Amino acid sequence: DLTLGILGGGQLAQMLALAALPLGVRVTVLEPDPQAPARLCARHLHAPYTDPAGLDELAACDAVTLEFENIPVEALAALEGRVPVRPAGSLLARSKHRAREKRALRDAGATTAPFEVIEAEGDLDGALARVGGRGILKTSELGYDGKGQARVGSDAELRAAWDALGRVPCVLEGFVTFEREVSLAVARTPSGQVAFGPLVENVHRDGILRTSVYPAQVPDGTGARARELARAVADAWALEGLITLEFFVLPGGDLLVNEVAPRVHNSGHLTQDGGGLSQFEAQVRAVLDLPLADWAPLHPTAMLNVVGVDGPDGQPLEPDWAAIDAMSGTRVHLYHKAHRHGRKVGHVNLVAPDAATLRGRLAALAPLVP
Ligand code: ATP
Ligand code: MG
Ligand code: MG
C-alpha cells in the first residue's frame, strides 16, 4: 500500500482520492476548511497548510502533491528533503505568480499575450498602449475563476481597476482576440516518462469555465503544437507530476499560453467518464512514479460545470437533476459544497458515440443547468 499526501482538500483532492483508492493508494489531505470536499473520501488533517504537525504527517507519506496553487511555498519548502514533493516548490512558485509564470513560459519558448507588470503607480503610465490599447488587469496572485481581474479599455479604466483590485501587484495583459480556447495536461514521472492528456476545447462565461469538449475542433497540427509546447515547459520547469496548460488559439492557428495550473484542471474532468484513464489517475501515477501512458477519452465527451446561481428571489436556482439523470450519457459529479453564487459545486460529464450526437446532447443538457 502506498500513501499520497495532498496539500489542499477541495474537489480536485476529492477526485484525486477517488482515483487513488483502486490503485491501492490511500490519501491524506492537509486542509484548513472543515467542510472541504475531500473530507469525505480521504484522511483529513484539519489544520493550516503550514501547520508543523500536519506537515509531519504528510512527510510520512510516500509522496506529496497539491491540488491548489494558493498554497504557501513555505509549506512545500518544509516538506522538501523529507518526502518527494511533486510538483516541486520551485514550480509552484512560478505558476502561482502571473508575472513570474509568463516570464518562465517565454524562457521555455512559449508565446504569451503581451503584458506589463504593474507594481507601483508609475507602472500604469503608457502600459495600456504598450499592450495594444485594450487589456485585462489581473492580480499577480490568488486569482481564480476570473476573480481578481478587470477588463480595461482606457487609461482611466486601468487606474480605476488598479484601485479596485487594492493596488496589489498585477499584470496587465493585452486583450487577445482568440478563435477558441483549449487546454492540455502533461505529466512527467520522476523516472522521466512523459505522457499527455487530450486536447480539450473550453468555453468560459463570466470568467468561469462553462463547458469543455473533447475532441477540440482545431486545425491539423494544433494538437501536436500544444504537446510540443507542453513538453518544452515540462522540461524547462523540471516537472515531476502533472501540469495543465491553458491556450488561446489565434485565428491563424498559432497558440498563446494563457496560464499553467500546477495540477489537474477543471477542463480535464471529462476524462473521468470518457472510457480512458482519468487525469486524476494520471496525476496519482505521475506523482508516485507508477507507469503512465498518454490518456484521452475513448469517445467524444463533454463536461458542463454546475455553478451556484442565485435566483431573482435570492434562492439558489437548482439544475433539473431528474431530467439530467434521465438523459442518455450523463454522469453527475457533486462536490458536497454549500451553495454560494458563482461557486463551482459539481459538474456533469456527457459521453456520446460520435461528435454530432455529443453536440446535440450538450445542447439539450445546457438549459437544464442554470
Ligand atoms: P482559472 O484559474 O479558473 O482558469 P483565472 O482567474 O486564472 O481562471 P484566466 O484564466 O486568466 O483566469 O482568465 C479567465 C478567462 O478570461 C480565460 O479563460 C479567457 O476566457 C479570458 N481571458 C483571460 N485573459 C485574457 C486575455 N488576455 N485576452 C482575452 N481573454 C482573456
Ligand atoms: Mg488561473
Ligand atoms: Mg485560467
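Cut-off values and rules
- Residues numbered from 1 in each chain as written.
- Chains lettered and ligands numbered in written order.
- Predicted model: local features only at pLDDT ≥ 70, side-chain atom pairs only at ≥ 80, totals over all residues.
- UniProt positions renumbered as here; feature names shortened; annotations may be inferred.
- Helix = DSSP H or I, 4+ residues; strand = E, 2+ residues; numbered from the N terminus.
- Rg over C-alpha atoms; globule rule 2.2 N^0.38 Å.
- Buried ≥ 20, exposed ≤ 12 C-beta atoms within 10 Å, placed from the backbone.
- Contact = placed C-beta atoms within 7 Å.
- Pairing = 2+ DSSP bridges.
- Axes fitted to C-alpha atoms, helices over the stretch in contact; angles between N-to-C directions.
- Arc of directions from axis to C-beta.
- Near = placed C-beta within 6 Å.
- Nonpolar A, V, L, I, M, F, W, Y, C, P; charged D, E, K, R; others polar.
- Domains from an automatic or database assignment.
- Core = buried A, V, L, I, M, F, W, Y, C linked by C-beta atoms within 7 Å.

- As recorded in an unreviewed UniProt entry, the protein chain goes by the name N5-carboxyaminoimidazole ribonucleotide synthase, listed as coming from Deinococcus depolymerans.
- Recorded under Pathway (unreviewed entry), the UniProt text for the protein chain is reproduced unchanged: "Purine metabolism; IMP biosynthesis via de novo pathway; 5-amino-1-(5-phospho-D-ribosyl)imidazole-4-carboxylate from 5-amino-1-(5-phospho-D-ribosyl)imidazole (N5-CAIR route): step 1/2."
- Word for word, the UniProt comment on the protein chain under Subunit (unreviewed entry) is "Homodimer."

Side note on the overall build of the protein chain
Inference 1: Within the protein chain one finds eleven helices and 17 strands.
Inference 2: Relative to the compact-globule value of 21 Å for 370 residues, the protein chain shows a C-alpha radius of gyration of 20 Å, a close match.
Inference 3: Projected onto the principal axes, the alpha-carbon positions of the protein chain cover approximately 60 × 50 × 50 Å.
Inference 4: In the protein chain, which comprises 370 residues, the share counted as buried stands at 45%.
Inference 5: Pairs at least 24 residues apart make up 62% of the contacts formed inside the protein chain by residues separated by at least 6 positions.

Quick look at the sheet that holds strand 5 (residues 115–118)
Inference 1: If you walk across this open sheet you meet the four strands as 5-8-6-7, and the pairing is antiparallel. Where the open sheet ends on each side, the last strands, each with one partner, are strand 5 and strand 7 (149–152). In this sheet, neighbouring strand axes are inclined to one another by 20° on average, regardless of whether the strands run parallel or antiparallel.
Inference 2: Where strand 5 lies against strand 8 (residues 170–174), four bridges are found, and the strand directions are antiparallel. Bridge pairing in strand 8 links E116 to L172.

Some thoughts on helix 2 (residues 52–59)
Inference 1: Taken as a whole, helix 2 has its buried residues at G54, L55 and L58. All buried residues of helix 2 lie within an arc of 95° about the axis, which places them on one face of the element. Relative to its buried face, helix 2 has exposed residues pointing more than 90 degrees away, namely P52 and A53.

Focus on the UniProt feature "domain: ATP-grasp" (unreviewed entry) in the protein chain
Inference 1: Residues annotated by UniProt as "domain: ATP-grasp" (unreviewed entry) correspond here to residues 102–288.
Inference 2: Secondary structure content for residues 102–288 is 24% helix and 32% strand, and the end C-alpha separation is 29 Å.

Here's the deal with the site of ligand 1
Inference 1: Every one of the 17 residues lining ligand 1 counts as a neighbour, but A113, G143, E173, V176 and H204 are closest to it.
Inference 2: Taken together, the elements giving at least two residues each to the shell around ligand 1 come down to strand 6 (135–139) and strand 14 (255–261).
Inference 3: When the residues that make up the shell around ligand 1 are grouped by side-chain class, the tally is five nonpolar, five polar and seven charged.
Inference 4: Viewed by domain, the shell around ligand 1 spans two of them, domain 2 (114–174) and domain 3 (180–368), each represented by three or more residues.

Concerning the nonpolar core
Inference 1: Counting 101 residues, the largest nonpolar core has L4, L16 and L172 as the members making the most contacts within it.
Inference 2: Of the residues forming this core, the biggest block, seven residues, is contributed by helix 1 (residues 11–20).
Inference 3: Look past the residues within four positions of L16 in its chain and what remains in contact with it is I6, V27, E67, V264, F280, Q283 and V284.

As for helix 7 (residues 155–164)
Inference 1: Taken as a whole, helix 7 has its buried residues at L158, A161 and W162. End-on, the buried residues of helix 7 take up no more than an arc of 100°, which puts them together on one face. Structural note: helix 7 exposes A156, D163 and A164 on the side pointing more than 90 degrees away from its buried face.
Inference 2: Positive backbone phi, at 90°, marks G166, one or two positions downstream of helix 7.

Focus on the pairing of strand 11 (residues 200–205)
Across a regular strand the side chains alternate sides, sitting on one face of the sheet and then on the other.
Inference 1: Alignment of strand 9 (residues 180–188) against strand 11, held across three bridges, turns out to be antiparallel. Its bridge partner being in strand 11, V182 is matched across the sheet by E201.
Inference 2: Note: strand 11 against strand 12 (residues 208–214), five bridges, orientation antiparallel. Residue pairing in the sheet places N202 in a bridge with S212 of strand 12.
Inference 3: Here strand 11 hands over to strand 12 after two residues, with D206 in that stretch at a positive phi of 50°.

Details of the sheet that holds strand 3 (residues 43–45)
Inference 1: With parallel pairing, four strands are arranged side by side in an open sheet as 3-2-1-4. Two strands close off the open sheet at either side, each with one partner strand: strand 3 and strand 4 (63–66). Direction aside, the axes of adjacent strands within the sheet are offset by 25° on average.
Inference 2: Pairing of strand 1 (residues 2–7) with strand 2 (residues 25–30), which is carried by six bridges, proceeds in the parallel orientation. Across the sheet, T3 pairs through a bridge with R26, a residue of strand 2.

Notes on unusual backbone geometry
Inference 1: Residue P87 follows R86 across a cis peptide bond; omega there is 0°.
Inference 2: In this structure, P87 sits in the loop between helix 3 (73–79) and helix 4 (89–95).
Inference 3: Cis peptide bonds are those with omega within 30 degrees of zero, and the linkage from Y214 to P215 qualifies with 0°.
Inference 4: One can find P215 in the loop between strand 12 and helix 8 (222–236).
Inference 5: Located in the positive-phi region is D145, a residue other than glycine, with phi close to 50°.
Inference 6: Relative to the helices and strands, D145 resides in the loop between strand 6 and strand 7.

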